[in-house]
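# Understanding the architecture of this molecule
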Amino acid sequence: MNGNPDIDALHAYTKAKHRDQGESALAIHWQRLRMVMDLRQRHFDWILLPGGASASALRFARWIGGDQVLIRDDRDKVAGEHEVEQCCHLLTRLGLEYEAPPTRVYPSADEVDAAKGTLVARLGTRPKHLIGLHISARKPTQRWPAEAFAELARSLTGPDTAFILLWAPGAEDNAKHPGDDTKARKILELTAGLPIVPMATTRLEELVAALSLCDTVICGDGGAMHLSAGLNKPIVCLFGQSTAARWHPWGPRHEVLQPQSRNVRDVSVAAVAAAYRRLMP
């Protein structure tokens, strides 16, 4: 990502099945081919596959044509249970010293200024405690109900506390990119009069900037949780069917709440509120 001193370049491509309406599959394949040809010209010494030996990853590595391909396997599990530990253990197979530092994400100054502008326009000033409520989750078992988020906001509201409501915009029935506009609207209706600033984020940079303003984040297991960890935010994270030992936030203080049912709907508002208060300095 832009601003990260450890990353020289970031390359991404779109799969044909994820193309936007009106975008041709031929154009998608042509863009990917151009990227592969560009990467081949860089003559990489090493290609690392920290996600393991999936067919698509191996195929892409062959296309790029690096001198050596290093694939994470069971040898790397000796480092620990967490995904970060196992990925970083690849360092030892490169002849380097093993370390698993905290994750780091670097927000754009322009995006942060824009998010601050939205916040101040709605609240008038920045509160002492700003809580981020990220309500979107890809897996159904990770989705906490709108009513629970609203009750939580009511229970945590105080004279120096406000909220940023964050979600992936769009319709719930969008097969390619389901969104939570309806859920966000319901939460805002149930919390009318409370200091809540709605911020639907259409781009990753917007989400990172908004999270960077928060003092604490409450969310499900997913991308927003890991971005919050990269910003060193205390996190209350709700886990459904994911393995918490492998995917919990890496680095900052956090509270993991995972019910025996492995469905976050069964996490009580009281439990989330108590976890938040334990994280407060």
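Our structure is the block above this text.
Every chain begins its residue count from 1, and numbering advances along the sequence as written. Note on the predicted model: pLDDT of at least 70 is required for a residue's local features to be given, and 80 or more for side-chain atom pairs to be given and counted; whole-chain, interface and lining totals, by contrast, use all residues. For side-chain calculations, the full set of non-hydrogen atoms in the structure is used, while hydrogens and water are omitted.

## Some remarks on the overall build of the chain
Applied cut-off: A helix here means a DSSP run of H or I that spans at least four residues, while a strand means a run of E at least two residues long, and both kinds are numbered starting from the N terminus. It is over C-alpha atoms that the radius of gyration is taken, and the globule rule equals 2.2 Å times the number of residues to the power 0.38. For every residue, the accessible area (1.4 Å probe, protein chains only) is compared with the maximum for its type, and the residue is labelled buried under 20%, exposed over 50%, or partly exposed between those bounds. His is not counted, nor are the chain ends, whereas Lys and Arg count as positive and Asp and Glu as negative. To locate a charge, the coordinates of NZ of Lys, CZ of Arg, CG of Asp or CD of Glu are taken.
Scanning the chain from N- to C-terminus turns up eleven helices and eight strands. The C-alpha radius of gyration computed for the chain amounts to 21 Å, which stays within 12% of the reference 19 Å derived for 281 residues, consistent with globular compactness. Here the chain holds 281 residues, and 41% of them are scored as buried. Charged side chains in the chain number 34 positive and 32 negative. The centres of these two groups are separated by 4 Å.

## Quick word on the packing of helix α5 (residues 109-123) against helix α8 (residues 204-213)
Convention followed: Only the stretch in contact is used when a helix axis is fitted, and all axes are lines through C-alpha atoms; the angle between N-to-C directions ranges over 0 to 180 degrees. Relative orientations are named as follows: roughly parallel for angles under 35 degrees, roughly antiparallel for angles over 145 degrees, roughly perpendicular for angles from 65 to 115 degrees, and oblique for any other angle. By definition, any crossing whose near helix is turned counterclockwise from its far helix by less than a right angle is left-handed, and any crossing with a clockwise turn is right-handed. In this description, contact between two residues means that some pair of their heavy atoms is separated by no more than 4.5 Å.
The contact between α5 and α8 brings their axes to 8 Å, and the two run at 60 degrees. In this view, α5 runs oblique relative to α8, as classed from their interaxial angle. The handedness of the crossing between α5 and α8 is right-handed. From α5, E111, V112, A115, K116 and L119 reach across to α8, where they touch E205, E206, A209, A210, S212 and L213.

## Concerning α5
Each α-helix turn comprises 3.6 residues. Residues three or four places apart therefore point the same way. Rules: Under the convention used throughout, the expected extent of a helix is 1.5 Å for every residue step, that is, one less than its residue count. Arc definition: directions from the helix axis to the C-beta atoms.
Helix length check: α5, at 15 residues, gives a terminal C-alpha distance of 21 Å against a target of 21 Å (1.5 Å per residue), a fit within 8%. The complete set of buried residues in α5 reads E111, V112, A115 and L119. Angular distribution of buried residues about the axis of α5 spans 100 degrees; they occupy a single face of the element. Facing away from the buried side of α5 by more than 90 degrees, the exposed set consists of A109, D110 and A121. On its buried face, α5 sits against β3 (129-134), β4 (161-167), β5 (196-200) and α8. Immediately downstream of α5, the backbone of G124 shows phi near 90 degrees, a positive value.

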